[in-house]
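# Descriptive structure summary
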Amino acid sequence: MSDRRLAILKEMGLAPVWRLKRKTEAPATEESDWIRLEREVPACTACALHTSRTQTVLGVGDREADWLLVGEAPGAEEDRLGEPFVGQAGRLLDNMLAAIGLARGENVYIANVLKCRPPGNRNPEPGEVDRCTPFLLRQIALIQPKIIVAMGRFAAQTLLGSDATIASLRGRVHRYAGVPLVVTYHPAYLLRNLPDKAKAWSDLLLARRTVAGG
Ligand code: SF4
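The structure contained in this document is the topic of the report that follows. Remember, it's a predicted structure, so these values are computed and weren't measured experimentally. (Residues numbered from 1 in each chain as written. Predicted model: local features only at pLDDT ≥ 70, side-chain atom pairs only at ≥ 80, totals over all residues. Heavy atoms only, no water.)

## Examining the site of the ligand
Taken together, Cys 44, Ala 46, Cys 47, Leu 49, His 50, Arg 53, Lys 115, Cys 116, Arg 131, Cys 132 and Phe 135 are the residues near the ligand. Grouping the constituent residues of the shell around the ligand by class yields 7 nonpolar, 1 polar and 3 charged. (Near = heavy atom within 4 Å. Nonpolar A, V, L, I, M, F, W, Y, C, P; charged D, E, K, R; others polar.)

Spelled out as structure tokens, the structure:
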């Protein structure tokens, strides 16, 4: 285990447990932690959302990325296709990434706080978030990103344990699980509020500066 991953796990209070689990749960097989996640998430029944999902949406992209983008939860298309940030909002996100020289799958990993779609795209409930967050923490520990970009009010408030507005959380670098975190608008919101695209652009530049300085 690298020093960076150990530091992240320590900050999350997972380090001893993680190491113990690795020792006790996968001694004979060389099963990777990613393979375990790929098996455990689709089988998860920890909250009621498992009853209405078409499929779980673990995440997509470069598993050794410097950039981890985190949204709220799968929508209808994501639930159908099994990939986060598809459709019009996904295309906008891809364009914004391209503008700073990034691409989905190349130094970028995209995930959501929740791995299952809330029915009717309602807001996630606190109990659902509590049960699902350990999966995201495991992804962070595996990816070891240099920056987390929280996209949208829900992701930002959940990851930062805050009920502050996006406007008040933007423009500075926070930390989550020991990793620098920048808050920006959700691409679906930007589709409806085009003037705020300039603010999202400045958020991405802040994130890029943070990666460059890290
Ligand atoms: Fe499990 Fe998360 Fe899906 Fe709930 S939302 S069933 S905790 S994977």
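Back to the write-up after that little detour.
## Re unusual backbone geometry
Backbone geometry places Phe 85, a non-glycine residue, at a positive phi of 55 degrees. The residue Phe 85 is located in the loop between α4 (76-81) and α5 (87-99) in this model. Despite not being glycine, Asn 107 shows a phi value in the positive range, around 70 degrees. Position of Asn 107 relative to the elements: it lies in the loop between α5 and β3 (108-112). (Helix = DSSP H or I, 4+ residues; strand = E, 2+ residues; numbered from the N terminus.)

## Observations concerning the packing of aromatic side chains
Counted by the stated rule, this structure contains 2 aromatic pairs. Plain terms: the ring middles of Trp 34 and Tyr 109 are 5.6 Å apart, the flat faces sit at 40 degrees to each other, and that makes the pair tilted. A residue pair is termed long-range when its members are at least 10 positions apart, and Trp 34 in helix α3 (residues 33-43) and Tyr 109 in strand β3 qualify at 75 residues. Across the pair, exposure class does not vary: Trp 34 and Tyr 109 are buried alike. When the centroid spacing of 4.9 Å and the interplanar angle of 15 degrees are considered together, the rings of Tyr 185 and Tyr 189 count as stacked. Of the residues examined, Tyr 185 reaches a relative accessible area of 9% and is grouped as buried. The ring of Trp 34 carries Arg 63 above its face, with NZ or CZ at 4.2 Å from the centroid. (Phe/Tyr/Trp six-rings, centres within 6.5 Å; stacked < 30°, edge-to-face > 60°. Buried < 20%, exposed > 50% of the residue type's maximum accessible area, 1.4 Å probe, protein only. Lys NZ or Arg CZ within 6 Å of the ring centre and 35° of its normal.)

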